[in-house]
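Structural features, examined
The residues making up each chain are set out below.
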Amino acid sequence: MKIGFIGAGAMAQAIIDGLLKSKVVVAEDILIHGNHKNRYEPYAKKNGLVACETNSELTSKSDILVIAVVPAVVQPVLNEIATSLKNTQPIISMASGITIDRLQELTSDTQPILRILPNVNSAYNAGMTAVAANKYLEDENLTELLKLMSAIGEVIELPETQFANFSAISGSAVAYIDFFIDALSRAGVKYGFDKATATKIAAQTTLGSAQSLIQSGETPAEVIDKVCSPGGDTIAGILAMEQAGLLNAVVKGIDATIEKSTGNN
Ligand SMILES: NC(=O)C1=CN([C@@H]2O[C@H](COP(=O)(O)OP(=O)(O)OC[C@H]3O[C@@H](n4cnc5c(N)ncnc54)[C@H](O)[C@@H]3O)[C@@H](O)[C@H]2O)C=CC1
Ligand SMILES: O=C(O)[C@@H]1CCC=N1
């Protein structure tokens, strides 16, 4: 089964890296084309992928087509490949804000489509991907595509109406969590750690906290209560962070993300 990626940027590479690590696909079965030959060709060469000269060549050589370009380029790309695309060829699209209805308008009324919203942690098989399929994806193909997505992390089926909200607290949130890790790390630097050591400490603490929540099933509030010893240091820190508006700052950031992705700003 040949999987062709149109777009070779951050998200395409994260998914490909994860797929290769999981060994669910062999490198020779992944085709790639992007706008900048000097970027996608070395990436393809380094990983043993097949670099294609055009989007149309890639489309005609692929069984499954992955749309990994920014949303503004989806229409021109789908117009460009119109004569090479078979109307039975499954498409996976990760373009934020582009609905299945819109993708069908740009391809065919019966095009099999899986809309996904992944995140860059997929590169380490630690992704969190939302999926929504249309009715033209036959069971066998859907199973195959879900197997690919499961190879790069956790998968959740969601109605498309939730995609923008999900994207804000998962796709974009990778950056927000790293923003928090960087803030912790800078605080460490303020108190004398070198940046690399402070970042390692902050990142490992974040990783451990996430793993503990997932393994224990505890709520974050329960853990916060455990860490806040009566009359202790942590409650002093929590109160100072709240006074500075941490919760509101996070929710406002998520509001802005959703507004941007739904075009309401
Ligand atoms: N970066 C992320 O964390 C996430 C991104 N996405 C979605 O993934 C898609 C790609 O985003 P990024 O990888 O961040 O962008 P990017 O800018 O890193 O990559 C876009 C790629 O598209 C290529 N491209 C541009 N015009 C093209 C054309 N006409 N034909 C072929 N390739 C062309 C570029 O050369 C580049 O390789 C977007 O639709 C975005 O909404 C979804 C979830 C998370
Ligand atoms: O920033 C963006 O538009 C994309 C969508 C989710 C994460 N990155």
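For clarity, every value in this text was computed on a predicted model and none was experimentally measured. (Residues numbered from 1 in each chain as written. Chains lettered and ligands numbered in written order. Predicted model: local features only at pLDDT ≥ 70, side-chain atom pairs only at ≥ 80, totals over all residues.)

Moving on, we come to the site of ligand 1. Residues in contact with ligand 1 amount to 26 residues; listed here are only the nearest, Gly 7, Gly 9, Gly 34, Asn 35 and Ser 96. Residue classes in the shell around ligand 1 are distributed as 16 nonpolar, 10 polar and no charged. (Near = placed C-beta within 6 Å. Nonpolar A, V, L, I, M, F, W, Y, C, P; charged D, E, K, R; others polar.)

Moving on, we come to the environment of Ile 113. Relative to the helices and strands, Ile 113 resides in strand β6 (residues 113-117). In this structure Ile 113 comes out as buried when scored by C-beta crowding, with 23 C-beta atoms within 10 Å. A sequence separation of 33 residues divides Ile 113 from Glu 80, and the C-alpha atoms of the two residues are 18 Å apart. Apart from residues lying up to four places away in sequence, Ile 113 is in contact with Ile 91, Ser 93, Ile 100, Leu 103, Gln 104, Asn 134 and Leu 137. (Helix = DSSP H or I, 4+ residues; strand = E, 2+ residues; numbered from the N terminus. Buried ≥ 20, exposed ≤ 12 C-beta atoms within 10 Å, placed from the backbone. Contact = placed C-beta atoms within 7 Å.)

The next subject is the domain arrangement of the chain. Taken domain by domain, the chain consists of domain 1 (3-159) and domain 2 (173-261). Taking only C-alpha atoms, the centre of domain 1 and the centre of domain 2 are 33 Å apart. (Domains from an automatic or database assignment.)

Close to ligand 2 lie Ser 96, Ser 167, Gly 171 and Ser 172. Of the residues contributing to the shell around ligand 2, the split by class is no nonpolar, four polar and no charged.

On to the sheet that holds strand β5 (residues 91-93), then. With mixed pairing, the eight strands of this open sheet are ordered in space as β3-β2-β1-β4-β5-β6-β7-β8. Where the open sheet ends on each side, the last strands, each with one partner, are β3 (50-51) and β8 (153-157). Pairing geometry for strand β1 (residues 3-6) and strand β2 (residues 30-33), over four bridges, is parallel. Its bridge partner lying in β2, Ile 3 is registered against Ile 30. (Pairing = 2+ DSSP bridges.)

Moving on to the environment of Cys 52. Within the secondary structure, Cys 52 sits in the loop between β3 and α3 (55-61). Owing to 22 C-beta atoms within 10 Å, Cys 52 belongs among the buried residues under this scheme. Between the C-alpha atoms of Cys 52 and Glu 41, which are 11 residues apart in sequence, the distance is 8.7 Å. If sequence neighbours within four positions are ignored, Cys 52 has contacts with Leu 31, Ile 32, His 33, Glu 57, Leu 58 and Lys 61.

As a further point, take the UniProt feature "binding site: NADPH" (unreviewed entry) in the chain. When the UniProt feature table is mapped onto this chain numbering, "binding site: NADPH" (unreviewed entry) sits at Asn 55. A residue is classified by how many C-beta atoms lie within 10 Å of it, and Asn 55, with 23 of them, is buried. (UniProt positions renumbered as here; feature names shortened; annotations may be inferred.)

With five of its seven residues buried, strand β7 (residues 127-133) lies for the most part within the structure. Relative to β7, β6 is paired through four bridges, and the arrangement is antiparallel. For Ile 116, the partnering residue across the bridge sits in β7 and is Val 131. In this structure, β7 lies alongside β8, joined through five bridges in parallel fashion. Across the sheet, residue Gly 127 finds its bridge partner in β8, namely Gly 153. Chirality of the crossover, the property in question, places the unit of β7, helix α6 (residues 139-151) and β8 among those that are right-handed. (Right-handed = clockwise from strand over helix to strand, strands pointing away.)

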